[in-house]
Amino acid sequence: MQQIASEPVLMQPIEERLELVRFKVDKRPHIRVHTEACRGCDLTPCVYVCPAGLFEILGGEMHFSYEHCLECGTCYVACERKAIEWDYPRGGWGVSFRAS
Amino acid sequence: MHAQQQFDVIVVGAGPAGSSAALALARAGLRVALIERGEYPGAKNVSGAVFYAPGLLAELLPTFWDEAPFERYITRRVLTFLGKESAFSLDFRTRHFAIPPYNGVTVLRPKFDRWLASKAVEAGALLITSTVVDDLLYEGERVIGVQCRRDDGVLYAPVVIAADGANSFLAKKAGLQREFSAEEMSLGVKEVLRLGEHAIEERFNLTGDEGMASEYVGEATGSVKGGAFLYTNRDTLSLGIIVQIASLAQERVRPYELLDRFKQHPAVAPLVRDGVTLEYSAHMIPEGGWQLVPRLVRAGLLVAGDAAALVFAAGIFLEGMNFAVASGLAAAETALEAHRHGDFSTATLMGYRKRLEQSFVLQDLQRFRLTPAFVNNERLQNLYPELLCQAAEQVFRSEGRPRKKLGSTILATLRSKVSLWTLLRDGWQAGRALFF
C-alpha cells in the first residue's frame, strides 16, 4: 500500500465543506449498515471512499450518519461485505444541489 | 383505476435523458408523466459539466442556444500530464467551436436540468417532483407502470422509460443490470468556485462567452486511478477529481483530500487562487464503458442515460450528457412507434437498441471499448505523466553544458524507469485504445 501524502493537505475540514450544501434531513435514515458484518473488516473501504466522510470506526465499532449524505451510492458499491443497505431518501428530502 | 393515473408513457428521472424523452413524447401528443425524486430537476444531479454536441437538441428546440442556460461555449481544450512539481500540457483552441449550436458548452446542472424539464412541461408533460419511484409494476413479464413512494403512488403506462441515473435501481429490479463492481464505477467530487467573469477571462485567455475544458492525469489524483478536471463557467470554475472506486479504497485516501491536493498543485494553485467555494458535490459515474451497458429493453421498459451506463469516458473524451440526450430521444422514438402499432413487446421495443447501434451512442462505446482499461493502466496513471515532465525538463534544461540531440535525451529519461519493451507494449495499447 502506498502512502500518498506525507504533508497535511486538507484545506478545509469536510464538515465545513458540507455546510455549503443544502440538506433537508429526513428523520428516517436511508442508509442502514449491518454493523455486525463490519467487525473484523480491515479494509473499511466505506471510511475512505465516502465523499462526505460519514463512516468511522471508533473502538472497533462502525459508526455512521446519513444526514449529510450526498447520495452518490459509492459506499454500497465499495463495501465487499455487502453490509450497507442503501436507498434514496423520500422524495424531496436529502441533498439539493443548487450551484453545481 | 383513475383516468389521471393512466399515461401513455412514464419517464422516471428528469435529467437530460428523461427530460429529452418527455419533451419529444409530449410534442408528439402523448400523455407523459415525468417523475423526479429531487425537489426540482437537477437537485440530485452532478456533472463536470460539459455538455458536448448540444446540437442534438436542435430538432426539438431549433434555437435552443438563445435561451438555454449555458455558461460558456468551449473553444479551448487542454490535456495536462501532471508530475509532482511540473506539468506538460497539450493546449488546443479554435474559433470553429464558437458557432451555434456549439461543439460543447459548460452548464450548471440545477439550472440546465430545470430548464430542459420546463421545455417538456411546456410541451404538455406532467412533471411530478419530490417523488421516488420504488418499483415497477408488471402484468406477467410486461412492465405496465410504476410504484411511487407516496399515497396514491401507482401510475400506469404501457411504456416506462427508466432514466433514473447512475444507481438505476429500476434497471436492476427489472433484471436488466447486474450489481456493480468497484472497478467499473467511478466517484466524482467537485467544487464550484466563484472567481468573477473578469478573472476567468484573464486567467484562461478567454474572450466574451468563450470557455475552456481542461483535464489532468498523473499527479492530479496521486496514486489513485483517475483524473481531474477544471471547467470555466460564466463567473465560476467547476473543478474536481474523478477516481475509480476500487483504487480509492485500495489506496485509502479520501476523495476530498485528493481534491485539495489537486487544488494545491503548483500548476493548478495559481488558476484557482482567491476562488470562493460555493458548493461541494459528489456523484457516482458508470465509467466501465461497453461491458457495463445493461440489457436495454424488456417488454414495456426502456433504460436510458446513466441508468444504462451510457457514459463515454475514454481518456481524452469525457462525455455523458450528450449520450443521455441521444438515448432519451431514441427511447422516445421507440415508445412512439410502439404506440402507433399498439405493441409494447420486447421485439418492438428492441428498435431502441437498433437506434442506439446506428448512432454514436453504442458505436462510440463499442469502438473505444478498450479505452477504459487502458486509461487505468498503472503506468499511464502513475509513471508516464511524471516521466513526460522529466523528459521535457531535460530538453529545456540549460546548464552551460553541451546538449545531446533530443532523441537520446528523451529516451534516456524514459528508459531510466521503464524498459523499451514495456514502452512499446504500452504504446501499442494506446494505439489500440485510441488511434486505430
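No experiment lies behind these values; they were computed from the predicted model shown.

### A closer look at the overall build of chain B
A tally of regular secondary structure across chain B gives 16 helices and 20 strands. Here chain B has a C-alpha radius of gyration of 23 Å; the compact-globule value for 436 residues is 22 Å, and the two agree. With the principal axes as the frame, chain B shows a C-alpha extent of 85 × 45 × 40 Å. Counting all 436 residues of chain B, 61% fall into the buried class. Taking the contacts inside chain B whose residues are at least 6 apart along the sequence as the reference set, 73% of them involve residues at least 24 apart.

### Re the environment of Ser416(B)
Note that Ser416(B) resides in the loop between helix 15 (406-415) and helix 16 (420-435). A sequence separation of 31 residues divides Ser416(B) from Pro385(B), and the C-alpha atoms of the two residues are 14 Å apart.

### Examining the interface of chain A and chain B
Listed by partner, the interface residues are 48 residues for chain A and 59 residues for chain B. Linking chain A with chain B are 7 salt bridges, by the criterion used here. Among the ionic pairs, Lys44(B) bridges to Glu71(A), the shortest N-O distance being 3.0 Å. Run the count over chain A and chain B and you get 27 residue pairs in polar contact (both at pLDDT 80 or more). Residue assignment for the side of chain A that touches chain B shows that the elements contributing at least two residues are helix 1 (14-18), strand 1 (22-24), helix 2 (45-49), helix 3 (74-78) and strand 6 (94-96) of chain A.

### Some points on a negative patch on the surface
All names here are of chain A. A contiguous patch of negative charge on the surface is contributed by Glu-15, Glu-16, Glu-19 and Glu-56. Here Glu-16 shows up in helix 1. Residue Glu-16 is classed as partly exposed on the basis of its relative accessible area of 39%.

### Thoughts on the sheet that holds strand 9 (residues 142-148) of chain B
Residue and element names in this part refer to chain B. Spatially, 8-9-10 is the arrangement adopted by the 3 strands of the open sheet, whose pairing is antiparallel. Each of the sheet's edge strands pairs with one partner strand only, and the pair in question is strand 8 (133-139) and strand 10 (154-156). Between one strand axis and the next, the sheet turns by 30° as a mean value, whatever way the strands run. In this structure, strand 8 lies alongside strand 9, joined through 6 bridges in antiparallel fashion. Opposite Asp-135, over in strand 9, you have Gln-147 as the bridge partner.

### Re helix 11 (residues 360-367) of chain B
Residues and elements named next belong to chain B. Listing the buried residues of helix 11 in full gives Val-361, Leu-362, Asp-364 and Leu-365. For helix 11, the angular spread of buried residues about the axis comes to 165°, placing them on one side. Looking at the buried positions of helix 11, the neighbouring elements they touch are strand 19 (312-314), helix 8 (321-341) and helix 10 (351-358). With a side-chain oxygen lying 3.0 Å from the backbone nitrogen of Val-361, the N-terminal cap of helix 11 falls on Ser-359.

### Comments concerning the UniProt feature "domain: ETF-QO/FixC ubiquinone-binding" (unreviewed entry) in chain B
According to UniProt, the feature "domain: ETF-QO/FixC ubiquinone-binding" (unreviewed entry) maps to residues 187-285 of chain B in the numbering used here. Measuring from the first to the last C-alpha atom of residues 187-285 of chain B gives 6 Å, for a span that is 28% helix and 43% strand.

### So, the side chain of Thr106(B)
Residues and elements named next belong to chain B. Mapped onto the elements, Thr-106 comes out in strand 6 (residues 104-106). When its relative accessible area of 0% is taken as the criterion, Thr-106 is described as buried. Within the structure, the side chain of Thr-106 is placed 2.9 Å from the backbone oxygen of Thr-232, a separation counted as a polar contact. If we ignore the near neighbours within four places in the chain, the residues touching Thr-106 are Ala-49, Val-50, Phe-70, Glu-71, Arg-72, Ile-74, Tyr-231, Thr-232 and Asn-233.

### A look at the sheet that holds strand 18 (residues 301-303) of chain B
The strand order 7-2-1-11-18-17 (chain B) describes an open sheet built from 6 strands, whose pairing is mixed. The open sheet has two free edges, formed respectively by strand 7 (126-128) and strand 17 (297-298) of chain B, since each of these has just one partner strand.

### Focus: the state of the cysteines
Disulfide: a covalent bond formed between the sulfur atoms of two cysteine residues. All names here are of chain A. Under the defined criterion, the tally for this structure stands at 0 disulfides over all chains. Residue Cys-69 stays outside any disulfide, its sulfur separated by 6.5 Å from that of Cys-75, the closest cysteine. A relative accessible area of 7% means that Cys-69 is categorised as buried.

The rules behind the values
- Per-chain numbering applies: the sequence of each chain, read as written, is numbered from 1 onward.
- As a convention, the first chain written is A and the first ligand written is 1, with the rest following in written order.
- Predicted model: local features are reported for residues with pLDDT of at least 70 only, side-chain atom pairs are reported and counted for 80 or more only, and whole-chain, interface and lining totals are derived from all residues.
- Side-chain numbers come from the whole structure's heavy atoms, not from hydrogens or water.
- Helix and strand assignments come from DSSP, with helices taken as H or I runs of at least 4 residues and strands as E runs of at least 2, each series counted from the N terminus.
- In this description the radius of gyration comes from C-alpha coordinates, and the expected globular size is given by 2.2 Å times residues to the power 0.38.
- Note on classification: 1.4 Å probe, protein chains only; a residue is buried when its accessible area is under 20% of the maximum for its type, exposed when over 50%, partly exposed between these limits.
- In what follows, a contact means two residues having at least one pair of non-hydrogen atoms within 4.5 Å.
- We define a salt bridge as a side-chain nitrogen of Lys or Arg found within 4 Å of a carboxyl oxygen belonging to Asp or Glu.
- Polar contact is the term for a pair of N or O atoms within 3.5 Å; when the atoms are in protein, one must be able to donate a hydrogen and the other to accept it, and sequence-neighboring residues count only if both atoms are side-chain atoms.
- Only residues whose relative accessible area exceeds 30% and that form no salt bridge are eligible for patches; like-charged ones are grouped when within 9 Å, while nonpolar side chains (Val, Leu, Ile, Met, Phe, Trp, Tyr) are grouped when within 5 Å.
- In these tables, accessible area is a Shrake-Rupley quantity obtained with a 1.4 Å probe, and a residue counts as shielded only by the protein chains included in the view.
- Asp and Glu are treated as the negative residues and Lys and Arg as the positive ones, with His and the ends of the chain left uncounted.
- Every charge is mapped to an atom, namely NZ of Lys, CZ of Arg, CG of Asp or CD of Glu.
- When DSSP finds two or more bridges between a pair of strands, those strands are recorded as paired.
- The angle between two axes is taken between their N-to-C directions and runs from 0 to 180 degrees, where each axis is a line fitted to C-alpha atoms and a helix contributes only its stretch in contact.
- This arc is taken over the directions from the axis of the helix to the C-beta atoms.
- UniProt positions are given in the numbering used here, feature names are shortened, and annotations may be inferred rather than shown by experiment.
- Disulfide: a pair of cysteine sulfur atoms within 2.5 Å of each other.

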